[in-house]
Amino acid sequence: MRSLHLAAPEDLPKLLPLVAAFHDHQGFNTTPEHQRDAILPLLEGSPHGAVWLIGPRRAPVGYVVVSFGWSVEYGGMDAIVDELFVRSAVRKRGMGSDALNGLSKALKEGGIRALHLEADQNDDTLKRFYQRSKFFTREGYAYMSREL
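Residues numbered from 1 in each chain as written. Predicted model: local features only at pLDDT ≥ 70, side-chain atom pairs only at ≥ 80, totals over all residues. Heavy atoms only, no water.

Chemist: Any details on the sheet that holds strand 1 (residues 4-6)? Residues and values, ideally.
Modeler: In spatial order, the strands read 1-2-3-4-5; together these 5 strands make up an open sheet with mixed pairing. Strand pairing shows two members of the sheet lacking a second neighbour, strand 1 and strand 5 (114-117), which therefore form its edges. For this sheet, the mean angle separating the axes of adjacent strands, direction not counted, is 30°. Pairing between strand 2 (residues 49-54) and strand 3 (residues 62-71): 6 bridges, direction antiparallel. For Ile54, the partnering residue across the bridge sits in strand 3 and is Gly62. Set on the sheet, helix 1 (residues 12-26) makes contact with strand 2, strand 3 and strand 4 (76-86); between it and strand 4 the angle comes to about 85°. Strand contacts of helix 2 (residues 32-43): strand 2 and strand 3, with the helix running at about 95° to strand 2, the strand carrying the most contacts. (Pairing = 2+ DSSP bridges. Helix = DSSP H or I, 4+ residues; strand = E, 2+ residues; numbered from the N terminus. Axes fitted to C-alpha atoms, helices over the stretch in contact; angles between N-to-C directions. Contact = heavy atoms within 4.5 Å.)

This is the structure:
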């Protein structure tokens, strides 16, 4: 897929403004240092996750962060879409859907058994977007977190 590129350390200057925009949009209270420190290991090859740029590599319009884990239920490695962002000016052009579908295909080919994500249950537009990419709410389950 031409509009999805695995990010590398040299992409950090293009990626950080996108991360800052997403964190601001979501109301995350993170600093630029926090964002850099959280992203850089993934760009440097951490086995725990990866970052892909959405759009042209020279001028990306978004990004997706995936974290890897292991699932006994799914019988092997699974992954979680930790962050997905596309600049508001270019939304509704299919780039986010293309990215999720291309990423899903590549992860499946790489042996990942399931891809999960978190969605605001009060945001019907967001839920429909994810459903179009074949993500569905598991009846009776909720993604829960405990900050440590």
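That was the structure; now back to the text.
Chemist: A description of the packing of helix 1 against helix 2 should follow, citing residues and the corresponding values.
Modeler: Axis separation between helix 1 and helix 2 bottoms out at 10 Å; the angle between their running directions is 130°. Considered as vectors, helix 1 and helix 2 are oriented oblique to each other. In the crossing of helix 1 with helix 2, the sense of the turn from one axis to the other is right-handed. In this structure, helix 1 contributes Leu12, Leu15, Leu16, Val19, Ala20 and His23 to the contact, and helix 2 contributes Gln35, Arg36, Ile39, Leu40 and Leu43. (Parallel < 35°, antiparallel > 145°, perpendicular 65-115°, else oblique. Left-handed = near helix turned anticlockwise from the far one by under 90°.)

Chemist: So, the nonpolar core: which residues are in play, and what are the values?
Modeler: Within the largest apolar cluster, 23 residues are counted, with the highest numbers of intra-cluster contacts made by Trp52, Ile54, Val64, Leu84 and Leu107. Residue assignment for this core shows that the elements contributing at least two residues are strand 2, strand 3, strand 4, helix 3 (95-109), strand 5 and helix 4 (124-132). Of the residues forming this core, the biggest block, 5 residues, is contributed by helix 3. One finds Ala7, Leu12, Leu43 and Val51 within the second-largest nonpolar core, a separate group that totals 15 residues. (Core = buried A, V, L, I, M, F, W, Y, C linked by side-chain atoms within 4.5 Å. Buried < 20%, exposed > 50% of the residue type's maximum accessible area, 1.4 Å probe, protein only.)

Chemist: Tell me about helix 1, residues and numbers included.
Modeler: Compared with an ideal rise of 1.5 Å per residue, which puts 15 residues at 21 Å, helix 1 spans 21 Å between its outermost C-alpha atoms and is within 8% of the ideal. Residues of helix 1 that are buried: Leu12, Leu15, Leu18, Val19, Phe22 and His23. For helix 1, the buried positions fall inside an angular range of 135° around the axis, keeping them on one side. Exposed residues lying more than 90 degrees from the buried face of helix 1 are Pro13, Asp24 and His25. Among the structural elements, helix 2, strand 2, strand 3 and strand 4 are those in contact with the buried residues of helix 1. (Expected span 1.5 Å × (residues − 1). Arc of directions from axis to C-beta.)

Chemist: I'd love a proper account of the pairing of strand 3, names of residues and values included.
Modeler: Pairing of strand 3 with strand 4 involves 10 bridges; the strand directions are antiparallel. The partner of Val64 across the bridge, within strand 4, is Leu84. The hairpin formed by strand 3 and strand 4 contains 4 residues between the paired strands, and Gly75 there has a positive phi angle of roughly 80°.

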